[in-house]
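Descriptive analysis of the structure
Given next are the chains, with one letter for each unit.
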Amino acid sequence: MEDYVRILDHLPQGHPERSRFEREPIAYALGEDEFKVFELSPKEGVTLIAGDRAYIGKDAEKRDAIQHVKRRIGFEELTTSAQNELPLIIAQVVKEKEDRFVRFFNEAQAITTRFHMLELLPGLGKKTMWAILEERKKGPFQSFEDLAKRVPMVHHPEKLLAKRIEMEISNLGEKYHLFAAR
């Protein structure tokens, strides 16, 4: 269950492809925990900017910008502007929730006897995976910086994670989902 989202795009005049009589203000947003994509109805008179954080949880008292969640949507239903904002917003969330994602590197397990969760990160192969596994035996990673220092082949772990999350959201045929809810 998502409580907070990041705004990807706000259309105060409604979606241009809908009939003029059916148009109502809408916003597209990305959930912070499960990376679900939503179409939202903003409250009247509220202006939302890409990157804004908004509450969409059950407590109606806390909702200061969003009236209600209209529906969950797929990547292909987002506006071009929202699709372009997605990688930036994902990167922002990954940096802010660093502890959660460092824990992934510390706890990642094998999926099958020949395939490991770490190998799902784009650009990370067997050699780097083994380097990470050997290094974490010495002690858990404390931060992205610590990981990059101890495993020199991994320059920007936050970028690898952000790219993986983007792949899970945008590719419907993705078999494994590590971070984004199906």
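Remember, it's a predicted structure, so these values are computed and weren't measured experimentally.

Further remarks concern the packing of helix H1 (residues 80–96) against helix H5 (residues 157–170). The geometry of H1 relative to H5 is characterised by a closest axis approach of 9 Å and an angle of 130 degrees between their N-to-C directions. If you check the angle between H1 and H5, you find them oblique. The element H1 and its partner H5 pack so that their crossing is right-handed. Contact residues: Leu 86, Pro 87, Ile 90, Ala 91, Val 94 and Lys 95 in H1; Glu 158, Leu 161, Ala 162, Ile 165, Glu 166 and Ile 169 in H5. Residues of the contact of H1 with H5, tallied by class, amount to nine nonpolar, no polar and three charged.

Another aspect to go through is helix H2 (residues 98–107). At 3.6 residues per turn, the α-helix brings residues three or four places apart onto the same side. Listed as buried for H2 are Phe 101, Val 102, Phe 104 and Phe 105. Along the axis of H2, the buried positions cluster into a sector of 140 degrees, meaning they face one direction only. For H2, the elements touching its buried residues are H1, helix H3 (126–137), helix H4 (144–150) and H5.

Okay, the pattern of salt bridges next. Throughout the structure, instances matching the rule amount to 19 salt bridges. As a salt-bridge pair, Glu 32 and Arg 6 come within 2.6 Å of each other at their nearest N and O atoms. Separated by 26 residues along the polypeptide, Glu 32 in the loop between strand S2 (26–31) and strand S3 (37–42) and Arg 6 in strand S1 (residues 4–11) bring together distant segments of the chain. For Glu 32, a relative accessible area of 3% translates into the label buried. The partner of Glu 135 in a salt bridge is Arg 150, with the nearest N and O atoms 3.2 Å apart.

The next thing to look at is the packing of aromatic side chains. For the structure on display, the rule yields six aromatic pairs. Seen in terms of ring centroids, Phe 35 and Phe 101 are 6.4 Å apart; in terms of plane orientation they differ by 45 degrees. Their pairing is tilted. Note that Phe 35 is positioned in the loop between S2 and S3 and Phe 101 in helix H2, a separation of 66 residues in sequence. Note on Phe 101: relative accessible area 0%, which makes it buried.

Rules used in this analysis
- Residues numbered from 1 in each chain as written.
- Predicted model: local features only at pLDDT ≥ 70, side-chain atom pairs only at ≥ 80, totals over all residues.
- Heavy atoms only, no water.
- Axes fitted to C-alpha atoms, helices over the stretch in contact; angles between N-to-C directions.
- Helix = DSSP H or I, 4+ residues; strand = E, 2+ residues; numbered from the N terminus.
- Parallel < 35°, antiparallel > 145°, perpendicular 65-115°, else oblique.
- Left-handed = near helix turned anticlockwise from the far one by under 90°.
- Contact = heavy atoms within 4.5 Å.
- Nonpolar A, V, L, I, M, F, W, Y, C, P; charged D, E, K, R; others polar.
- Buried < 20%, exposed > 50% of the residue type's maximum accessible area, 1.4 Å probe, protein only.
- Arc of directions from axis to C-beta.
- Salt bridge = Lys/Arg side-chain N within 4 Å of Asp/Glu carboxyl O.
- Phe/Tyr/Trp six-rings, centres within 6.5 Å; stacked < 30°, edge-to-face > 60°.

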